[in-house]
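# Examination of the molecular architecture
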Amino acid sequence: LAKTTQPISMDSYEGQEVNITCSHNNIATNDYITWYQQFPSQGPRFIIQGYKTKVTNEVASLFIPADRKSSTLSLPRVSLSDTAVYYCLVGDMDTGFQKLVFGTGTRLLVSP
Amino acid sequence: GAVVSQHPSRVICKSGTSVKIECRSLDFQATTMFWYRQFPKQSLMLMATSNEGSKATYEQGVEKDKFLINHASLTLSTLTVTSAHPEDSSFYICSASDWVGGENTEAFFGQGTRLTVV
């Protein structure tokens, strides 16, 4: 399984755009990139998933360059409630099930 | 999104006793369920993967005789912590997936179970 590397922590202010980059140099051809959000004492919540180029949903955008060795989660206009840990995962969806192995995650702190 | 429910959300047990944690997929059939353990300020650590009707696959270093996993149906998996000790105190989280081929699907996570062994 491809290993991911993320910054341990990031700080931001309300209303700013936050970009969290994840490195996955050993990503395999069939691997998809998925981001999860976790609040304290809760299970992770799915944010977004992509394979290449750009994916956007109602809460975030995911940018994936052509070599797919990294990805960037973009959170537009963060609020205090976006303070959480964000995990980037890569996994193979084509061979039966996605075995999700979590890295360290990025602890985002949004201040007023 | 789909809902995965864990029960109980919090449990306190005495050292030496066993505790069962249930993970249910409420509105979909989970072909695969995953169990994680998370210590404070740390990431989730995958303990085991279970497929309905077959034995669970445990990650290296996880004692299968201590953490018994049963995936008896497509909507229920249980994790039993046997002969619990204080060092087993942790946050246990399950996730479920209904992938059977074709398009991608995400894994849905339960809300977690806080286990305290005293």
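Description of the structure in this document. (Residues numbered from 1 in each chain as written. Chains lettered and ligands numbered in written order. Predicted model: local features only at pLDDT ≥ 70, side-chain atom pairs only at ≥ 80, totals over all residues. Heavy atoms only, no water.)

## A closer look at the interface of chain A and chain B
This is how the line gets drawn: Contacts between residues were defined by any pair of non-hydrogen atoms, one from each residue, lying within 4.5 Å. A simple way to read buried area is as the amount of 1.4 Å-probe accessible surface that goes missing from two parts once joined, with both sides added. For this analysis, a salt bridge means a side-chain nitrogen from Lys or Arg found within 4 Å of a carboxyl oxygen belonging to Asp or Glu. Polar contacts, as used here, are pairs of N or O atoms within 3.5 Å; protein pairs need one atom able to donate a hydrogen and one able to accept it. Residues neighboring in sequence count only if both atoms are side-chain atoms.
Every contact between the two is made by 22 residues of chain A and, on the other side, 23 residues of chain B. Carbon and sulfur atoms supply 54% of the area buried between chain A and chain B, which totals about 1,800 Å² over both sides. At the junction of chain A and chain B, the tally comes to 0 salt bridges. The interface formed by chain A and chain B includes 5 residue pairs in polar contact (both at pLDDT 80 or more).

## Structural notes on unusual backbone geometry
Rules: What counts as a helix is a DSSP run of H or I of at least four residues, what counts as a strand is a run of E of at least two, and both are numbered from the N terminus.
The linkage connecting H7 of chain B with the following residue, P8 of chain B, adopts the cis geometry, with an omega of 0 degrees. Following the sequence through the fold, P8 of chain B ends up in the loop between β1 (4–7) and β2 (10–13). Unusually for a residue other than glycine, T53 of chain A sits at a positive phi of about 55 degrees. Counting through the fold element by element, T53 of chain A comes out in strand β5 (residues 53–56).

## Brief notes about the pairing of strand β3 (residues 31–38) of chain A
Residue and element names in this part refer to chain A. The condition is simple: Relative accessible area decides the class of each residue, using a 1.4 Å probe on protein chains only: under 20% of the type maximum gives buried, over 50% gives exposed, and in between gives partly exposed. Any two strands with at least two DSSP bridges between them are considered paired.
Counting buried positions over the 8 residues of β3 gives 8, a clear majority of the element. Burial along β3 is two-sided: D31, I33, W35 and Q37 and Y32, T34, Y36 and Q38, pointing in opposite directions, are all buried. Between β3 and the antiparallel strand that follows it, strand β4 (residues 45–50), lie 6 residues; S41 among them carries a positive phi value of about 60 degrees.

## Side note on the environment of I33 of chain A
Note that I33 of chain A resides in strand β3. When the C-alpha positions of I33 of chain A and N19 of chain A are compared, they lie 16 Å apart, and in sequence the two are 14 residues distant.

## Looking at the nonpolar core
Test applied: Nine residue types can take part in a nonpolar core, namely buried Ala, Val, Leu, Ile, Met, Phe, Trp, Tyr and Cys, and a core is a set of them joined through side-chain atoms within 4.5 Å.
V4, W35, F67, L79, Y92 and L115 of chain B are the most contacted members of the largest nonpolar core, which totals 25 residues. Where this core is concerned, the elements lending two or more residues are β2, β3 (19–25), β4 (32–38), β5 (44–51), β7 (67–73), β8 (76–81), β9 (90–97) and β11 (113–117) of chain B. One finds I20, A60, L75 and C88 of chain A within the second-largest nonpolar core, a separate group that totals 20 residues.

## Regarding the state of the cysteines
Spelled out, the test is: The disulfide definition used here is simple: a pair of cysteine sulfur atoms within 2.5 Å.
The tally for this structure, following the rule as stated, stands at 2 disulfides over all chains. Here C22 of chain A engages in a disulfide with C88 of chain A; their sulfurs sit 2.2 Å apart. Every disulfide takes its handedness from the sign of the S-S torsion; for C22 of chain A and C88 of chain A that torsion is -80 degrees, giving left-handed. Placement of C22 of chain A in strand β2 (residues 18–23) and of C88 of chain A in strand β8 (residues 84–92) is noted, with a sequence separation of 66 residues between them. Accessibility expressed as a relative area gives 0% for C22 of chain A, which makes it buried. Between the sulfur of C23 of chain B and that of C94 of chain B lies a disulfide, 2.0 Å long from S to S. Disulfide C23 of chain B-C94 of chain B: torsion about the S-S bond near 75 degrees, hence right-handed. Separated by 71 residues along the polypeptide, C23 of chain B in strand β3 and C94 of chain B in strand β9 bring together distant segments of the chain. Owing to a relative accessible area of 0%, C94 of chain B belongs among the buried residues under this scheme. With no disulfide of its own, C13 of chain B lies 18 Å from the sulfur of C94 of chain B, the closest cysteine sulfur.

## As for the pairing of β2 of chain B
All names here are of chain B. Judged by which residues are buried, β2 turns out to be one-sided: V11 and C13 face inward and are buried, whereas R10 and I12, on the alternate face, are not. Across 4 bridges, β2 lies against β11 in parallel orientation. Looking at the pairing, R10 lines up with R114 of β11.

Keep in mind these numbers describe shape, not what the thing actually does.
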